[in-house]
Amino acid sequence: MTITPILLKDGYKVGHKFQYPAGTTLVYSNLTPRKSRNPDVQEIVFFGLQYFIKEYLIRQFDEYFFSQPKEAVLKQYARRIDNYLGKDSISYDHIAALHDLGYLPLEIKALPEGCLVPMRVPVFTIKNTKPEFFWLTNMLETIMSAITWKPCTSATTAFQYLKTFTRYAKETVGNDLSFIPWQGHDFSFRGMSGVEDALISGAGHLLSFAGTDTIPAIDFLETFYHADAEKELIGGSVPATEHSVMCMGTQDDEIGTFERLITEIYPGGVVSIVSDTWDFWQVITEFLPALKEKILARNGKVVIRPDSGDPVKIIVGDPEAPAGSPAYKGAIECMWETFGGIITEQGYKLLDGHIGLIYGDSITTERQVAILEGLKQKGFASYNVVLGIGSYTYEYVTRDTFGFAMKATYGEVNGAGRDIYKDPKTDDGTKKSAKGLMQVFRNAAGKLELKDQCTWEEEAQGELKTVFKDGKLLVDWSLTAIRNRVKEMLITDEQHHTIPARRAEGAGVNS
């Protein structure tokens, strides 16, 4: 469905042009993450503004507003608003004037995409560049907020997974971090709130990882972030079964389905096989030992995929299950007993490279830690598992997860500047806004901070740089540059958070 972008706003925005004080010539606003609902996350990964600018401020405004006949644009706008607020409730001269101008008279200054931004530090500011279009700045609040909060939130969530995978890899594997991009796999597409939601979230995931089943997120990054799948790894996956495949093979011949998959359909390479269609522990304790020689003879890896139950108990073991049972031991210990493996340089067990495990149901950052810590306590390396990150993670969030809000903090009326702000007495402080012009700078520790109530000279010297002005994109980030920035942020973060190394006791090779 195509809607003219001039109507992509909350209804109350329609009349604000007429409500500002007479003589208003400038409105200066910002988007800021105000408060984290997760006490362990106090910085967000900024991502997605470039998509918004290219898709909405440039393509959609050009195609569905400026390139359309003026009469048709005004007729469409009047029809909608007259039927919404009442006939002739407002005038439309300002819409006609914008169409006559032929571009959006706005300037957006932003931080580099991919950087870590603390709470209460703005990620971008926006102001009008022509005095008669002061109303345009905050008219865009609705669509800017709706589009930008989600990619930032998903990129931030993915970064939390990345930090945890990296810490446990360094502790239990060593300095080889090459497997980490594949340890977090995006399984969220089917559970997201529409295709655009899946794409912007899936792209945020791919800032930290390469594993994804959200194929069009790759197209998204090629379209809006200069990625090229022929020249770089944007995202990838492996052949994998679903329950319908296993069911069609029948329960009586489930092991036959396993054998056909690994010897005939995929005699080499990686293949992931869903393994809980009927009895997961039978697969682990009967089918895998029976197929051991065929699995070890392959040039590739067979990945076992449990898909139900408590992921921590399934992978690590259930201490409440009968002692010595497969459920008590957990899948990784059972697979080690069958296939053995190596001992990493950090002294932890790592399964033979022909066999592995992925779990993609109801994974959260808390469960991720529980799984990796549980494996570590049993002497197993973090690389024994891949975790699928689905809509349970990426969709159980809102704009308020990190308190994103776009608010005006400065304006000019009759040529005089006004520092404006809100500070509700009935609020807990979350909605207290900054005042005036803003400068974002790096402190002595390299962290971003905000200085408000600045002069124009100070505002011009900060970390916020002009990325869009008067209808033109001025800064065009590539996926490579953003990923490199995320890696830099990871290194910086690790310098402040470390996990003490602990060598597993009793770790040994079981051949």
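Residues numbered from 1 in each chain as written. Predicted model: local features only at pLDDT ≥ 70, side-chain atom pairs only at ≥ 80, totals over all residues. Heavy atoms only, no water.

Enquirer: Let's hear about the domain arrangement of the protein: which residues, and what values?
Expert: Splitting the protein by domain gives domain 1 (5-152 + 404-494) and domain 2 (153-395). Measuring from the centre of the C-alpha atoms in domain 1 to the corresponding centre in domain 2 gives 40 Å. Taken together, the contacts link 32 residues of domain 1 with 33 residues of domain 2. Scanning the region where domain 1 abuts domain 2 turns up two salt bridges. (Domains from an automatic or database assignment. Contact = heavy atoms within 4.5 Å. Salt bridge = Lys/Arg side-chain N within 4 Å of Asp/Glu carboxyl O.)

Enquirer: Pulling in residues and values, what's your account of the nonpolar core?
Expert: Within the largest apolar cluster, 136 residues are counted, with the highest numbers of intra-cluster contacts made by F46, L49, I108, F124, F220, L221 and I315. Of the residues forming this core, the biggest block, 13 residues, is contributed by helix 6 (residues 141-172). In this structure, this core is formed jointly by two domains, domain 1 (5-152 + 404-494) and domain 2 (153-395), each of which donates at least three residues. In terms of nonpolar packing, the next biggest core, distinct from the first, is built from seven residues, Y410, L437, M438 and C454 among them. (Core = buried A, V, L, I, M, F, W, Y, C linked by side-chain atoms within 4.5 Å. Buried < 20%, exposed > 50% of the residue type's maximum accessible area, 1.4 Å probe, protein only. Helix = DSSP H or I, 4+ residues; strand = E, 2+ residues; numbered from the N terminus.)

Enquirer: Please provide a residue-by-residue account of the packing of aromatic side chains, values included.
Expert: What the rule picks out here adds up to 22 aromatic pairs. A centroid spacing of 5.9 Å and a plane angle of 75° characterise the contact between F61 and F65, whose relative ring orientation is edge-to-face. Taken together, the positions of F61 and F65, both in helix 2 (residues 49-66) and four residues apart, correspond to about one turn of that helix. Comparing F61 with F65, the two get one shared label, buried. A ring pair is formed by F133 and W135, whose centres lie 6.2 Å apart and whose planes are at 55°; its orientation type is tilted. Each of the two residues, F133 as well as W135, counts as buried. Among the aromatic side chains, those forming a connected cluster through ring pairs are F47, Y51, F52, Y56, F220, F224 and Y225. Sitting above the plane of the Y421 ring, K435 keeps its charged end 4.1 Å from the centroid. (Phe/Tyr/Trp six-rings, centres within 6.5 Å; stacked < 30°, edge-to-face > 60°. Lys NZ or Arg CZ within 6 Å of the ring centre and 35° of its normal.)

Enquirer: How would you explain the sheet that holds strand 1 (residues 24-33) if you had to name every residue and give the values?
Expert: By way of backbone hydrogen bonds, the strands of a sheet pair with one another, either parallel or antiparallel. The seven strands are arranged 14-13-1-5-3-17-18 in an open sheet whose pairing can be described as antiparallel. Bordering the open sheet on either side are strand 14 (416-419) and strand 18 (472-473), each of which pairs with just one other strand. Of the strands in this sheet, strand 3 (106-110), strand 5 (124-128), strand 17 (465-469) and strand 18 are in contact with helix 2, which crosses strand 17 at around 20°. With respect to the sheet, helix 6 is in contact with strand 1, strand 3, strand 5 and strand 13 (404-413), its orientation differing from that of strand 13 by roughly 140°. (Pairing = 2+ DSSP bridges. Axes fitted to C-alpha atoms, helices over the stretch in contact; angles between N-to-C directions.)

Enquirer: Go over the packing of helix 6 against helix 7 (residues 195-205) with me, naming the residues and quoting the values.
Expert: Across the interface, helix 6 lies against helix 7 with an axial gap of 7 Å and an inter-helix angle of 40°. As for how helix 6 packs across helix 7, the hand of that crossing is right-handed. Of the residues in helix 7, those touching helix 6 at I147, K150, P151, S154, A155 and A158 are E196, D197, I200, S201, G204 and H205. Here the residues of the contact of helix 6 with helix 7 sort into five nonpolar, four polar and three charged. (Left-handed = near helix turned anticlockwise from the far one by under 90°. Nonpolar A, V, L, I, M, F, W, Y, C, P; charged D, E, K, R; others polar.)

Enquirer: Give me the lowdown on the environment of P105, citing residues and values where you can.
Expert: Tracing the backbone shows P105 in the loop between helix 4 (93-101) and strand 3. In this structure, the C-alpha to C-alpha distance between P105 and T129, residues 24 residues apart in sequence, is 5.2 Å. Residues in contact with P105, not counting those within four places in the same chain, are L98, K127, N128, T129, K130, F133, L136 and D470.

Enquirer: A description of helix 2 should follow, citing residues and the corresponding values.
Expert: Its 18 residues place the ends of helix 2 only 21 Å apart at the C-alpha level, less than the 26 Å of an ideal helix rising 1.5 Å per residue. When the local axis directions of helix 2 are compared, the greatest deviation, roughly 40°, occurs at Q60. Burial within helix 2 is extensive, with 13 of its 18 residues counted as buried. (Expected span 1.5 Å × (residues − 1). Bend = angle between axes of the 7 residues up to and from the residue.)

Enquirer: Describe in detail the sheet that holds strand 11 (residues 355-359), supporting the description with residues and values.
Expert: Reading across the sheet, the five strands line up as 6-12-11-8-7 and stay open at both edges, with parallel pairing between neighbours. Strands at the two margins of the open sheet, each flanked by one partner only, are strand 6 (184-186) and strand 7 (271-274). Recorded for the sheet is a direction-independent mean angle of 30° between the axes of neighbouring strands. For strand 11 and strand 12 (residues 385-389), the ladder comprises three bridges, and the chain directions are parallel. Along strand 12, the bridge assignment pairs Y359 with L387.

Enquirer: Lay out the pattern of salt bridges with the relevant residues and their values.
Expert: Within the structure shown, the criterion is met by 19 salt bridges. Across the pair E141 and K407 runs a salt bridge whose closest N-O atoms are separated by 3.8 Å. Note that E141 is positioned in helix 6 and K407 in strand 13, a separation of 266 residues in sequence. Judged by its relative accessible area of 14%, E141 is buried. For the salt bridge of E333 with K378, the shortest nitrogen-to-oxygen distance reads 2.7 Å. Taken together, the residues E333 in helix 15 (residues 331-339) and K378 in the loop between helix 16 (365-377) and strand 12 connect sequence positions 45 residues apart. Bridged by salt links that share partners, the residues K13, E141 and K407 form one connected network.

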